[in-house]
Amino acid sequence: MGRTRATLERRQLGAELRRLREAAEKQQQEVARVLECDVSQVSRVESGDRSFKVREIEALLDLYRVPAAERAQITALARIARQRQPRRMYSDAMPGAFRRLSDHEQDATEILCSEGELIPGLLQTEDYARAVVEFGRPSAFKPHQDDVEARVQFRMERSELLAKAEPPRMWFVIGEAALRRPVGGESVLRGQLAHLLDLIEGHSHVFVQVAPLAATDHPLLGCNIEILRFGGVAADVAHQSTFLGGGAYLVDASDVDMCSHAFEKLRAVALGLDESRAFVARQAEELADARV
């Protein structure tokens, strides 16, 4: 019998347990001794191929000296990971949700991303990301400056995926509005467009298309989506950002297929790769001319 593919929930749990173990400076062999199991079993849990029972998770949290508040989050995730009923959608609203999205991106072999109003997070410069964090959230939240910097730093760490030794193939379709909106001011946008051009021209695994405002048959209009593929090791998933929390994952195969089909249709109505590069370059030149 072939090995079962990892589910999204088990992958999330495994990533959290691996991070906690490394933070506690423990080896998998030590974990195996505590749980009286094989090291291979610990490895399979951390890779998302299987899950521990909740009581085993609690023993690990004791070993890792995890604070009470974080323990509750992990045990809740462990219970979800052990549920067997099929589900179409999984909302990740717990703390650390964006970090878990980054974990999935690190493991992906292909990432497809459609963003209409902003430059996608993986492609953002530090100044652009800071402007998004500072001004893109409702003023009622009034994020503390330390929180802003932590979020910006996370985005920069997330974008290190672009320079990974064996990076995933990344295909972005960005709305024209995102290339024109001066998030943070025109100087920030100039730097962002220059960075985007560098990525297009310097990374063979990064593909960027522009969806023009004139496109009337945009199949994902008003909807941002990221599709993650794992080369058959795990099931493909689609992620949609939400106003609050870390977003929602579509995990049902038919739903993900529908998202993939919509993305392919969007690629067909967007500008071609060369046209898109020229469009971004033209926008950057217009901003530079306006500065003079």
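Presented here is an overview of the structure given in this document. Keep in mind it's a predicted model, so treat the numbers as computed, not measured. (Residues numbered from 1 in each chain as written. Predicted model: local features only at pLDDT ≥ 70, side-chain atom pairs only at ≥ 80, totals over all residues. Heavy atoms only, no water.)

Okay, the overall build of the protein chain next. Regarding its fold elements, the protein chain presents 12 helices and 7 strands. In the protein chain, which comprises 292 residues, the proportion classed as buried is 46%. When the accessible area of the protein chain is evaluated, it comes to approximately 15000 Å², of which 50% is carbon and sulfur surface. (Helix = DSSP H or I, 4+ residues; strand = E, 2+ residues; numbered from the N terminus. Buried < 20%, exposed > 50% of the residue type's maximum accessible area, 1.4 Å probe, protein only. Areas by Shrake-Rupley, 256 points an atom, 1.4 Å probe, with all protein chains shown as cover.)

What follows deals with the environment of Glu46. As for its position among the elements, Glu46 is in helix H3 (residues 39–46). What makes Glu46 buried here is its relative accessible area of 6%. Glu46 sits 18 residues away from Gln28 along the chain, and the two C-alpha atoms are 9.7 Å apart. In this structure Glu46 touches Gly14, Ala15, Leu17, Arg18, Arg21 and Gln28, once residues within four positions along its chain are discounted. At a separation of 2.6 Å, a polar atom in the side chain of Glu46 contacts the side chain of Arg21. (Contact = heavy atoms within 4.5 Å. Polar contact = N/O pair within 3.5 Å; in protein donor to acceptor, adjacent residues only side chain to side chain.)

All chains considered together, the criterion is met by 17 salt bridges. Among the ionic pairs, Arg158 bridges to Glu226, the shortest N-O distance being 3.6 Å. Of this pair, Arg158 sits in helix H8 (residues 145–158) while Glu226 is found in strand S5 (residues 225–229), placing the two residues 68 residues apart along the sequence. Accessibility assignment for this pair places Arg158 and Glu226 in one class, buried. Measuring nitrogen to oxygen at the nearest pair gives 3.3 Å for the salt bridge that ties Glu264 to Arg267. Placement of both Glu264 and Arg267 in helix H11 (residues 253–269) is noted, with a separation of 3 residues, approximately one turn of the helix. Classification of Glu264 as partly exposed rests on a relative accessible area of 35%. Bridged by salt links that share partners, the residues Glu126, Asp127, Arg130 and Glu149 form one connected network. (Salt bridge = Lys/Arg side-chain N within 4 Å of Asp/Glu carboxyl O.)

Following the criterion strictly, the structure yields 1 aromatic pair and no others. For the ring pair Trp171 and Phe207, a centre distance of 4.6 Å and an interplane angle of 15° mean the geometry is stacked. In this pair, Trp171 sits in strand S3 (residues 169–175) while Phe207 sits in strand S4 (residues 206–211), placing the two residues 36 residues apart along the sequence. Looking at Arg11, its charged tip hangs above the ring of Phe230, at a distance of 4.3 Å from the centre. Between the NZ or CZ atom of Arg169 and the centre of the ring of Phe207, over which it lies, the distance is 5.2 Å. (Phe/Tyr/Trp six-rings, centres within 6.5 Å; stacked < 30°, edge-to-face > 60°. Lys NZ or Arg CZ within 6 Å of the ring centre and 35° of its normal.)

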